[in-house]
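This is what each chain is made of:
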Amino acid sequence: MVRKVYVDVVAWHGKDGKSRPLRILWEDGSVYVVERLLNRCKAKSVIVGGGDIRYTVQINGKETFLFEEDGRWFVEAGRR
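As the structure is a computational prediction, the values presented were derived from the model and not from experiment.

### Some details on the pairing of strand β2 (residues 19-25)
Taken residue by residue, a regular strand's side chains alternate between the two faces of the sheet.
Reasoning step 1: The pairing of strand β1 (residues 3-13) with β2 spans 6 bridges and is classified as antiparallel. Paired with D8 across the two strands is L25, which belongs to β2.
Reasoning step 2: Counted along the chain from β1 to the antiparallel partner β2, the turn is 5 residues long, and its residue G17 has a positive phi close to 90°.
Reasoning step 3: A loop of 5 residues connects β2 with strand β3 (residues 31-33), the two strands running antiparallel in sequence, and G29 in this loop sits at a positive phi of about 100°.

### What to know about the sheet that holds β2
Hydrogen bonds between backbone groups are what pair the strands of a sheet, and the pairing can be parallel or antiparallel.
Reasoning step 1: Read across the sheet, 7 strands follow the order β3-β2-β1-β7-β6-β5-β4 without closing on themselves; strand pairing throughout is antiparallel. Of all the strands in the sheet, just β3 and β4 (36-42) have a single pairing partner and so form its edges. Across the sheet, the mean angle separating the axes of adjacent strands is 35° when strand polarity is ignored.
Reasoning step 2: One ladder, built from 3 bridges, connects strand β6 (residues 62-69) with strand β7 (residues 72-77); its direction is antiparallel. Residue pairing for β7: E68 is matched across the bridge by W73.

### Digging into the packing of aromatic side chains
Reasoning step 1: Across all of its chains, the model carries 4 aromatic pairs by this definition.
Reasoning step 2: For the pair Y55 and W73, a centre-to-centre distance of 5.2 Å together with 35° between the ring planes defines the contact as tilted. You can see Y55 sitting in strand β5 (residues 53-59) and its partner W73 sitting in strand β7, a full 18 residues away along the chain. W73 matches Y55 in its accessibility class, with the two residues each being buried.
Reasoning step 3: Through pairs of rings, three or more aromatic residues link up here, namely Y6, F65, F67 and F74.
Reasoning step 4: Of note, R54 hangs over the ring of F65, and the distance from its end group to the ring centre comes to 4.5 Å.

The rules behind each value
Here the residue numbering is sequential within each chain, running from 1 through the sequence in written order. Only residues with pLDDT of 70 or above have their local features reported here, since the model is predicted, and side-chain atom pairs are shown and tallied only from 80 upward, although totals for entire chains, interfaces and linings are computed over all residues. Hydrogens and water molecules were not included; the side-chain quantities draw on all heavy atoms of the structure. Pairs of strands are assigned from DSSP output, requiring at least two bridges between the strands. Elements are defined by DSSP. Helices are runs of H or I of four residues or more, strands are runs of E of two residues or more, and each kind is numbered from the N terminus. Note on definitions: angles span 0 to 180 degrees between N-to-C directions of axes, and those axes are lines fitted to C-alpha atoms, for helices only across the stretch in contact. The criterion for an aromatic pair is that two Phe, Tyr or Trp rings (for Trp, the six-membered ring) have centres within 6.5 Å, with stacked assigned to planes under 30 degrees apart, edge-to-face to planes over 60 apart and tilted to the rest. Burial classification: accessible surface area is computed with a 1.4 Å probe over protein chains only, and a residue below 20% of its type maximum counts as buried, one above 50% as exposed, and the rest as partly exposed. Counted as over-ring charges are cases with an Arg CZ or a Lys NZ within 6 Å of the ring centre that also lie within 35 degrees of the ring normal.

This is the structure in structure tokens:
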């Protein structure tokens, strides 16, 4: 089952207004380093709903989505 999980994110914010996520702090305290930002686009989550900007990121060698929504960040937990 996939669920929406809001997470803390350490991000770089450029003078152009764009954000680049650097680390994701999971609800259990684990920290995940964003190794690469692969894509950034306006998109909603079709699985759990919501989101304004979708970041396709690489973490531990795997590609996943991170969403920014009204200043909050979330992931689709349980997504494979």
